[in-house]
Amino acid sequence: MAASRQTVSETLADIAACRPVLQPVLNAFAPLLEARAALPETLAPMLEESGFSLPPWQQERAQQGVPLLSGVALDGLSHLLQVSARRLLPLLTALPGMTEHADVLERFFLSREEDSRQGAHALLAGNESSIAALASAAGLPAPVLLFALEMCLGPVVQVLAAKYRAPWDERPSSWMQGYCPVCGSFPSIAYLDKRVFDEKNAFLAGGGGKKHLHCALCGTEWHFRRGACPSCGKEDSGTMELLRESSGSRGERIDWCTACKSYCPSVDLRERDAVPDMDAMALGMMHLDIVAAQKGLLPLKASFWNQF
């Protein structure tokens, strides 16, 4: 039986109780993360009403490493993106370093539909140069626009990803890549699953420990090889190393690649009572991001809180 997952607020409260030093950062991001987590429920009916046509499942494309939304036009989803932006921009621009860009971001997302649509397409395509060009034309630093796009587009893509969640759970071996099978983004965090017990049959149990990657943009989760690097794909013996505190880690660690020096925060759920919200958990592991930066490692997925 799958364990229920904590809410964003429950996860942040759990982190704060164990690491009070992170309380100011957690408090700053809490309203944004909570609102972002609640938006898919609002957007789901709008997706049905939009008549947006989702691409069909294609096993061959998956085997070639092509994400489902690769090349898909999002023109019919502009209204959903605007709804998301109206809800999240006031919270996003309340963060330190973002307030001064509030007016420009509002114009970009709410008044310049073509620019916001191009930004969404560039984000899904991983086209950093296009995002930089859009940011320059708007008068924004590229990292600011990238962060805003990820926050505002995320709930929209999450609604799309929900249509495919069951197929990916049923076909865990069909996707071998370290980037998301739905939107192509890199994961912000990984986790090793809990031990599984069947309440109806004591002889049916699993030891847990299978590795899953959690997409930073749409929240899709997929199985991945524990000894392989999600970034460069190498999986020779000794490629992946662990970095964790000597005591009291509660399963929190850094999985880093000795070949390309990239890393991804990871949590072993077998060492925790509750299953955290993974987006909130990624924020709550910034103490390990700091250690990784000191070791010269680079995050697999750059975020607002792991750039030092």
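Just above, that's the structure.
### Description of the pattern of salt bridges
Thought 1: In total, this model carries 15 salt bridges according to the counting rule given.
Thought 2: One salt bridge in this structure joins Glu235 and Arg225, with 3.2 Å as the shortest N-O distance. With Glu235 in the loop between β5 (221–223) and β6 (240–243) and Arg225 in the loop between β5 and β6, the pair connects residues that are ten residues apart, well separated along the chain.
Thought 3: Glu235 sits in the partly exposed class, given a relative accessible area of 45%.
Thought 4: Put simply, Arg270 and Asp268 hold a salt bridge, and the shortest N to O gap is 2.9 Å.
Thought 5: Accessibility expressed as a relative area gives 29% for Arg270, which makes it partly exposed.
Thought 6: Via salt bridges that share partners, Asp14, Arg19, Glu245, Arg250, Glu252 and Arg272 belong to a single interconnected network.

### Observations concerning the layout of surface pockets
Thought 1: By volume, the largest pocket is sized at about 760 Å³.
Thought 2: Lining the largest pocket are 32 residues; nearest its centre among them are Glu128, Leu146, Glu150, Lys301 and Ala302.
Thought 3: Elements with a contribution of two residues or more to the lining of the largest pocket: α6 (113–125), α7 (128–138), α8 (142–161), α11 (286–294) and β9 (298–299).
Thought 4: When residues in the lining of the largest pocket are grouped by element, the largest group, five residues, is from α8.

### Quick word on the nonpolar core
Thought 1: Ranked by size, the top nonpolar core spans 91 residues in total, and within it Leu105, Phe109 and Leu145 carry the most contacts.
Thought 2: Counting residues per element, this core draws most heavily on α8, at 13 residues.
Thought 3: Once you skip the residues sitting within four places of it in the chain, Leu105 turns out to touch Leu89, Leu92, Thr93, Met98, Leu140, Val144 and Ala148.

### Considerations on empty space enclosed by the protein
Thought 1: The final tally for this structure, using the stated rule, is five cavities of 30 Å³ or more.
Thought 2: By volume, the largest cavity amounts to about 190 Å³.
Thought 3: Looking at the largest cavity, it is lined by 15 residues, and the ones nearest its centre are Met151, Ser188, Ala216, Ser303 and Trp305.
Thought 4: Where the lining of the largest cavity is concerned, the elements lending two or more residues are α2 (23–50), α8 and α10 (278–283).
Thought 5: Take the lining of the largest cavity: its biggest share by element is three residues, from α8.
Thought 6: A breakdown of the residues in the lining of the largest cavity according to their chemical character gives nine nonpolar, two polar and four charged.
Thought 7: Lining of the second largest cavity is provided by 13 residues; of these, Ser188, Pro265, Lys301, Ser303 and Asn306 occupy positions nearest its centre.
Thought 8: The element contributing the most residues to the lining of the second largest cavity is strand β8 (residues 262–268), with three residues.

### A word on α8
Thought 1: The sharpest bend along α8 reaches about 40 degrees and sits at Gly154, with the proline Pro155 one to four residues further on.
Thought 2: With respect to burial, α8 is a largely interior element, 16 of its 20 residues being buried.

Criteria and cut-off values
Residues numbered from 1 in each chain as written. Predicted model: local features only at pLDDT ≥ 70, side-chain atom pairs only at ≥ 80, totals over all residues. Heavy atoms only, no water. Salt bridge = Lys/Arg side-chain N within 4 Å of Asp/Glu carboxyl O. Helix = DSSP H or I, 4+ residues; strand = E, 2+ residues; numbered from the N terminus. Buried < 20%, exposed > 50% of the residue type's maximum accessible area, 1.4 Å probe, protein only. 1 Å grid on protein atoms, 1.4 Å probe; cavity = no way out; pocket = protein on both sides within 12 Å on 5 of 7 lines; lining within 4 Å. Points joined across faces, edges and corners; volume = space filled by probe spheres on them. Core = buried A, V, L, I, M, F, W, Y, C linked by side-chain atoms within 4.5 Å. Contact = heavy atoms within 4.5 Å. Nonpolar A, V, L, I, M, F, W, Y, C, P; charged D, E, K, R; others polar. Bend = angle between axes of the 7 residues up to and from the residue.

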